[in-house]
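Residue-level structural notes
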Amino acid sequence: WSWLFMQAGASLVPQWEQLLQVLLSCAEWGFETAAVTLPAWLSLQASASSAGLSPLYAPVFASAVRSLRRASRFPDGYETWSLEAHDAFRDFRDELRDLMR
């Protein structure tokens, strides 16, 4: 299995780009859902980098960073969350920070 199998020449296959857009939309559902997508983004970034295709995926990565950063903002009512929810949110933010390095 490879993230890069849907690359055709100098552009992404439209269906593949649509699939990545669906993955991007998950971040709009909140940090819990966005956190589930982090391993996929890490894997895609590593695969694209090792194959020399980072420029091809750059627009998708830029969109992912914007969406994930929005999901990492402290939401209204954060102070009322349980300790477990605080920990999960902090873990998500830490993982996201590592992804953006």
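You'll find the structure just up there.
The sections below set out a description of the structure shown in this document.

So, how was this worked out
Residues numbered from 1 in each chain as written. Predicted model: local features only at pLDDT ≥ 70, side-chain atom pairs only at ≥ 80, totals over all residues. Heavy atoms only, no water. Helix = DSSP H or I, 4+ residues; strand = E, 2+ residues; numbered from the N terminus. Expected span 1.5 Å × (residues − 1). Buried < 20%, exposed > 50% of the residue type's maximum accessible area, 1.4 Å probe, protein only. Arc of directions from axis to C-beta. Phe/Tyr/Trp six-rings, centres within 6.5 Å; stacked < 30°, edge-to-face > 60°. Contact = heavy atoms within 4.5 Å.

This brings us to helix 1 (residues 14-25). Three or four residues apart is the spacing at which side chains of an α-helix point the same way, because the helix has 3.6 residues per turn. When the terminal C-alpha atoms of helix 1 are compared, their 17 Å separation across 12 residues agrees well with the 16 Å that a helix rising 1.5 Å per residue should span. Buried residues of helix 1: Trp-16, Leu-20, Leu-23 and Leu-24, and no others. Down the axis, helix 1 shows its buried residues gathered within 105° of arc, on one side only. The exposed set on the far side of helix 1, more than 90 degrees from its buried face, consists of Pro-14, Gln-15 and Gln-18.

Going through the model one piece at a time under the given rule, you end up with nine aromatic pairs. Between Phe-31 and Trp-81 the ring centres are 5.6 Å apart and the planes differ by 20°, which places this aromatic pair in the stacked class. Taken together, the positions of Phe-31 in helix 2 (residues 31-50) and Trp-81 in the loop between helix 3 (54-71) and helix 4 (83-100) put the pair 50 residues apart, joining distant regions of the chain. Among the residues examined, Phe-31 registers a relative accessible area of 8% and is labelled buried. Between the aromatic rings of Phe-31 and Phe-92, the centroid separation amounts to 6.1 Å while the plane-to-plane angle is 45°, which identifies the pairing as tilted. You can see Phe-31 sitting in helix 2 and its partner Phe-92 sitting in helix 4, a full 61 residues away along the chain. Classification of Phe-92 as buried rests on a relative accessible area of 1%. Among the aromatic residues, those joined into a cluster by ring pairs are Phe-31, Phe-74, Tyr-78, Trp-81, Phe-89 and Phe-92.

Its place among the elements puts Ala-34 in helix 2. For Ala-34, a relative accessible area of 0% corresponds to the buried category. Each C-alpha atom, one on Ala-34 and one on Leu-24, is 8.4 Å from the other, the two residues being 10 residues apart in sequence. Contacts of Ala-34, omitting those with residues within four sequence positions, involve Cys-26, Ala-27, Leu-68, Ala-71 and Phe-92.

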